[in-house]
Amino acid sequence: MMKLAVIGSGYVGLVAGACFAELGHEVILVDNDAVKVNALQRGDVPIHEQFLPELLERHRNRRLSFTGDLAAAVKASDAIFIAVGTPPTEDGEADLSYVESVARGIAGSIDRYKVVVEKSTVPVYTSTWIRKIMLLNGAPPELFDVASNPEFLREGTAVTDFLFPDRIVIGADTLRCAEVLRECYQPLVGGAYYLCPEAIPGPEDASVPPPLICTSAKSAELIKHACNAFLAMKISFVNAVASICESVGANVKQVVHGIGSDSRIGPRFLRPGIGYGGSCFPKDLLAFRSVARECGYDFRLLDEVIRINEEQRHRFLRKVRKALWTLKGKRLAVLGLAFKGGTDDLRESPAIAIVKCLLQAGCEIAAYDPAAAGHAAESFAHRGMSFADTAYDALQGADALLILTDWEEFAALDLDRAYDALRYPIVIDGRNLYEPELMAEHGLVYYSMGQPDAVPEKRATRTLKLA
Ligand code: NAD
């Protein structure tokens, strides 16, 4: 059992803290947002994440505590994980001021050997900077090491991603430091956790125990940026292929099946749509491009990945115009506001960007999202915007249905009910959740990304609403 502090109780910090407690460690979660700390102490669960409520319930006030007192948490801990935000600055670099402020705070409380671990996604050389800042602020050089332990969890499946990872990367420049990190993850890499009867159930295809990859701190920092850039590249690649499919009348799902069956490529992250979003890919690509530029490398491939991604939302908006002709005064049902299914996170959500454009064009929008609608209602009020309690409420009387987030429940709509609720049977799907033929069978005119449009010939048992 180790004593750990996790600084920052957001998506990454809260999940990492709860999971480390699940692995048997004693964890203090620190945040400088007093409202959040109070809420966590009271038992609230501030984010939507599968299995997180169970873990917090299991370990709160036992192996997991919450505080705003950074110094006390550092003093009590063997390893301190920094999991604060690293948002982009205006010119695309990572804003490391939160990391720097935490490093200064930690420096004053180093009274015995400790490992300071970057969990936040940061540019290469950040570990060197953290060390410099800590030395400048009085931390004795022999009493600490700085390591990088990038986090690969995905929102929506964050807990299982943490406990059943493809790999764990630890970037440490001394053996002593690597040993501390290895101990933190020992219940996973040694496999003991997976034998516990109360272990959180993992995905069917999980390969346990996960390998531990030990690298230098700089390599670990680069692994995280390169990994996110590669995944974003896969998404933009398939979006570009989808555009060509549309031009020639091919079906991108069939093309992707053919591409993804190549074991050198694999099918994951080859789903066309309205583009990637969220708090990671957009900012990490910009940051990686800046890092490359600073090192003298003009990483133009990343420019293109970003350009294709931005173009996707315009492509989608063009589809809406093609389906509806004029937008002013149209009433649209929007399913999905979060940047992807399974999360309530709206940061850099392409769905939100599209909704804003449609509102600006004079549309009225009734939106439904199973987890993110509450945050959306708080963060943007527009007189044309309303929030529905169910998907079918949103659809009622709408001129068209727009699917913007890949929530599982949106792929399982009762299509006859949807048809009845809509004023016109038009569906514009930015996530390719349906087969065009199926939509046509249900009397729905269906536009999607890289698949042929579907126009029903006739609706057997009902009056076709569209002339
Ligand atoms: P977040 O904004 O959800 O959480 C950051 C938390 O840090 C907030 O609660 C904030 O109040 C707190 N904080 C800021 N300054 C602080 C300080 N000085 N002391 C204590 N707490 C402080 O961010 P996140 O999504 O958890 O991301 C954190 C980092 O992890 C980022 O670098 C991100 O790129 C990386 N990351 C995120 C994900 C993801 O899916 N969200 C996945 C992998 C890596």
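Residues numbered from 1 in each chain as written. Predicted model: local features only at pLDDT ≥ 70, side-chain atom pairs only at ≥ 80, totals over all residues. Heavy atoms only, no water.

With that out of the way, let us pick up the packing of aromatic side chains. The full count for this structure, using the stated rule, is 11 aromatic pairs. A connected cluster of aromatic rings, assembled from ring pairs, spans Phe 20, Phe 81, Phe 162 and Tyr 185. Above the face of the Phe 152 ring, Arg 167 is positioned so that its terminal group lies 3.6 Å from the ring centre. (Phe/Tyr/Trp six-rings, centres within 6.5 Å; stacked < 30°, edge-to-face > 60°. Lys NZ or Arg CZ within 6 Å of the ring centre and 35° of its normal.)

The subject of this paragraph is the domain arrangement of the chain. Looking at the chain, the domain boundaries give domain 1 (3-215) and domain 2 (224-308). Taking only C-alpha atoms, the centre of domain 1 and the centre of domain 2 are 28 Å apart. Counting from both sides, the interface comprises 17 residues of domain 1 and, opposite them, 12 residues of domain 2. Carbon and sulfur atoms make up 61% of the area that domain 1 and domain 2 hide from each other, which totals about 1100 Å². Here domain 1 and domain 2 share zero salt bridges between them. (Domains from an automatic or database assignment. Contact = heavy atoms within 4.5 Å. Buried area = accessible area lost by both parts, 1.4 Å probe. Salt bridge = Lys/Arg side-chain N within 4 Å of Asp/Glu carboxyl O.)

In the neighbourhood of the ligand, 27 residues make up the surrounding shell, with Asp 31, Lys 36, Thr 86, Glu 155 and Lys 283 lying closest. In the environment of the ligand, an oxygen atom lies 2.8 Å from a nitrogen or oxygen atom belonging to the backbone of Val 12. Against a free-state accessible area of 830 Å², the protein chains account for coverage of 88% of the ligand. Among the secondary structure elements, those contributing two or more residues to the shell around the ligand are α1 (11-22) and α5 (97-107). Of the residues forming the shell around the ligand, the biggest block, three residues, is contributed by α5. Both domain 1 (3-215) and domain 2 (224-308) contribute no fewer than three residues apiece to the shell around the ligand. (Near = heavy atom within 4 Å. Polar contact = N/O pair within 3.5 Å; in protein donor to acceptor, adjacent residues only side chain to side chain. Areas by Shrake-Rupley, 256 points an atom, 1.4 Å probe, with all protein chains shown as cover. Helix = DSSP H or I, 4+ residues; strand = E, 2+ residues; numbered from the N terminus.)

Attention now goes to the pattern of salt bridges. By the definition in use, this model includes 23 salt bridges. Taken together, the shared-partner salt bridges connect Glu 155, Asp 345 and Arg 347 into one network.

Next up on the list: helix α11 (residues 281-294). Look at α11: 20 Å from first C-alpha to last across 14 residues, which is about the 20 Å you get at 1.5 Å a residue. Within α11, 10 of the 14 residues are buried, leaving the element largely enclosed by the surrounding structure. Among the residues of α11, those classed as buried are Phe 281, Pro 282, Lys 283, Asp 284, Leu 285, Ala 287, Phe 288, Ser 290, Val 291 and Ala 292. Lining the buried residues of α11 we find α9 (217-248) and α12 (300-324). Note on α11: the residue one or two positions beyond its end, Gly 296, has a positive phi of about 90°. (Expected span 1.5 Å × (residues − 1). Buried < 20%, exposed > 50% of the residue type's maximum accessible area, 1.4 Å probe, protein only.)

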